[in-house]
Amino acid sequence: MLLFFIPVLLIVYLYWWGRDKQKIENVIGNYIFITGCDTGFGNAAAKRFDKLGFHVLAGCFTEKGALQLQAVTSERLKTVQMDISKPDSVKKAAEWVKSQVGEQGLWGLINNAGISGIIAPTDWLKIDHFRKPIEVNLLGTIDVTLNVLPLLKKRKGRIVIVASVLGRVAPHGGGYSPSKFGLEGFNDSLRRDMQPFEIKVSCIEPGLFKTGMNNDNKQYEAKLALWNELPTVVRKQYGDNYFHKSEEQMLKHRESLFKDDLSPVVKCMEHAMTAKYPRTRYSVGSDAAFLWLPLSYMPSVLQDIAVCRTKIKLANPKFV
């Protein structure tokens, strides 16, 4: 029986592989709107699509980011300054996109903009530490999408949502993982709702990469400020050495797990925009493939064991 299934699986794989390699003809030259182009994935994607010959409309948070991007790209690439957490800014940017694409419509939207927020134990945090990442990563992405959907319908285009493997498994406290879990849900409902309009929706789930979002100094300062403001009882529970031990562990993880090369993520964006049959999901990075993705399919009890084993032991959690 096993000898029968091996050829069948091989045939299915070869069929999928051949289908996955098929490209759309005459897609180069279309308009693609990318958010979060100051640094990281968005910046790298804007440069790549510009090099391929697309008309890139790059949303940047700062004027400095926009000018730096324009300095290293062609005249086809245009920038707009926007804050996706502000509805007025999103609406203004969407009107600008509409004026750029005209009757041609928008071929692609890459929802990439996002922030990490403060990463810390949940009982250190206040509601605002959750609110900001959710406003940017989740609600901002939804707002941008809704504002440009008519342009995408006109072109029967593509939408890419950059989520994260931490939208499948939440290893630490803060608003980042909840916002990415929300993006996973939005991606699924949007993909199904857009099928009648022939709009393809893809979700990219990067593993751990070094981007502009991962600012070690800002993260350290914010976390230290939280630690210094904690009630005495909470600091007793965690112990005087907890903060420094957790920072040492974070630095070790940054060196061993976070990757500098952003091109694998950009290649997935390119595939989603140019392939005849884009994938519904792209999990990117060795840590995504061999750690986070398998972990996400395990029972919760096994997830808890795996994640909790990596956490710093508290000095006196029973102290009240």
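For the structure itself, consult the block above.
Residues numbered from 1 in each chain as written. Predicted model: local features only at pLDDT ≥ 70, side-chain atom pairs only at ≥ 80, totals over all residues. Heavy atoms only, no water.

Trainee: Honestly, the environment of lysine 259 in this entry has me stumped. Any pointers?
Mentor: Looking at the secondary structure, you find lysine 259 in the loop between helix H9 (242–257) and helix H10 (263–274). Once the C-alpha coordinates of lysine 259 and phenylalanine 61 are considered, the two residues, 198 residues apart in sequence, prove to be 24 Å apart. Sequence-distant contacts of lysine 259, defined by excluding residues within four places in its chain, comprise Leu208, Phe209, Lys210, Gly285 and Asp287. Separated by 2.7 Å, the side chains of lysine 259 and aspartate 287 make a polar contact. (Helix = DSSP H or I, 4+ residues; strand = E, 2+ residues; numbered from the N terminus. Contact = heavy atoms within 4.5 Å. Polar contact = N/O pair within 3.5 Å; in protein donor to acceptor, adjacent residues only side chain to side chain.)

Trainee: Would you take a moment to explain the packing of helix H5 (residues 127–155) against helix H6 (residues 176–194) for this structure?
Mentor: Helices that pack against each other are described as a pair by the angle of their axes relative to one another and the distance between those axes. At their nearest, the axes of H5 and H6 sit 7 Å apart, and the two run at 20 degrees to each other. In terms of their interaxial angle, H5 and H6 are classed as roughly parallel. Pair H5 / H6 crosses with right-handed handedness. Residues Pro133, Ile134, Asn137, Leu138, Thr141, Ile142, Thr145 and Leu149 of H5 form the contact with H6, whose own contacting residues are Tyr176, Pro178, Ser179, Lys180, Gly182, Leu183, Phe186, Leu190 and Met194. (Axes fitted to C-alpha atoms, helices over the stretch in contact; angles between N-to-C directions. Parallel < 35°, antiparallel > 145°, perpendicular 65-115°, else oblique. Left-handed = near helix turned anticlockwise from the far one by under 90°.)

Trainee: Which parts of the structure should I look at to understand a nonpolar patch on the surface?
Mentor: Nonpolar side chains collect at one region of the surface, where Met298, Val301, Leu302 and Ile305 lie side by side and expose about 350 Å² of accessible area between them. Tracing the backbone shows valine 301 in helix H12 (residues 300–308). (Patch = residues over 30% accessible without salt bridge, like charges linked within 9 Å, V, L, I, M, F, W, Y side chains within 5 Å. Areas by Shrake-Rupley, 256 points an atom, 1.4 Å probe, with all protein chains shown as cover. Salt bridge = Lys/Arg side-chain N within 4 Å of Asp/Glu carboxyl O.)

Trainee: Is there a simple way to explain the packing of aromatic side chains in this structure?
Mentor: Each pair of aromatic rings is reported with the distance of its centres and the angle of its planes. Taken as a whole and judged by the stated rule, the model has eight aromatic pairs. With a centroid separation of 5.7 Å and 75 degrees between ring planes, the pair formed by phenylalanine 41 and phenylalanine 209 is classed as edge-to-face. In this pair, phenylalanine 41 sits in helix H2 (residues 40–52) while phenylalanine 209 sits in the loop between strand S6 (200–206) and helix H7 (216–229), placing the two residues 168 residues apart along the sequence. Neither phenylalanine 41 nor phenylalanine 209 differs from the other in exposure class; each is buried. A network of ring pairs unites the aromatic residues Trp124, Tyr220, Trp227, Tyr238, Tyr242 and Phe243 as a single cluster. Over the ring of phenylalanine 197 we find lysine 153; its NZ or CZ atom is 4.1 Å from the centre of that ring. It is lysine 259 that lies over the ring of phenylalanine 209; its NZ or CZ is 4.9 Å from the centre. (Phe/Tyr/Trp six-rings, centres within 6.5 Å; stacked < 30°, edge-to-face > 60°. Buried < 20%, exposed > 50% of the residue type's maximum accessible area, 1.4 Å probe, protein only. Lys NZ or Arg CZ within 6 Å of the ring centre and 35° of its normal.)

Trainee: Explain the sheet that holds strand S2 (residues 55–60) here, please?
Mentor: Backbone hydrogen bonds hold the strands of a sheet together, and the pairing may be parallel or antiparallel. On the basis of which strands lie adjacent, the open sheet formed by seven strands has the order S3-S2-S1-S4-S5-S6-S7 and parallel pairing. The open sheet terminates on both sides in strands that have one partner only, identified here as strand S3 (78–81) and strand S7 (281–284). Across the sheet, the mean angle separating the axes of adjacent strands is 15 degrees when strand polarity is ignored. Across four bridges, strand S1 (residues 31–34) lies against S2 in parallel orientation. Bridging from a neighbouring strand, isoleucine 32 pairs with valine 56 of S2. (Pairing = 2+ DSSP bridges.)

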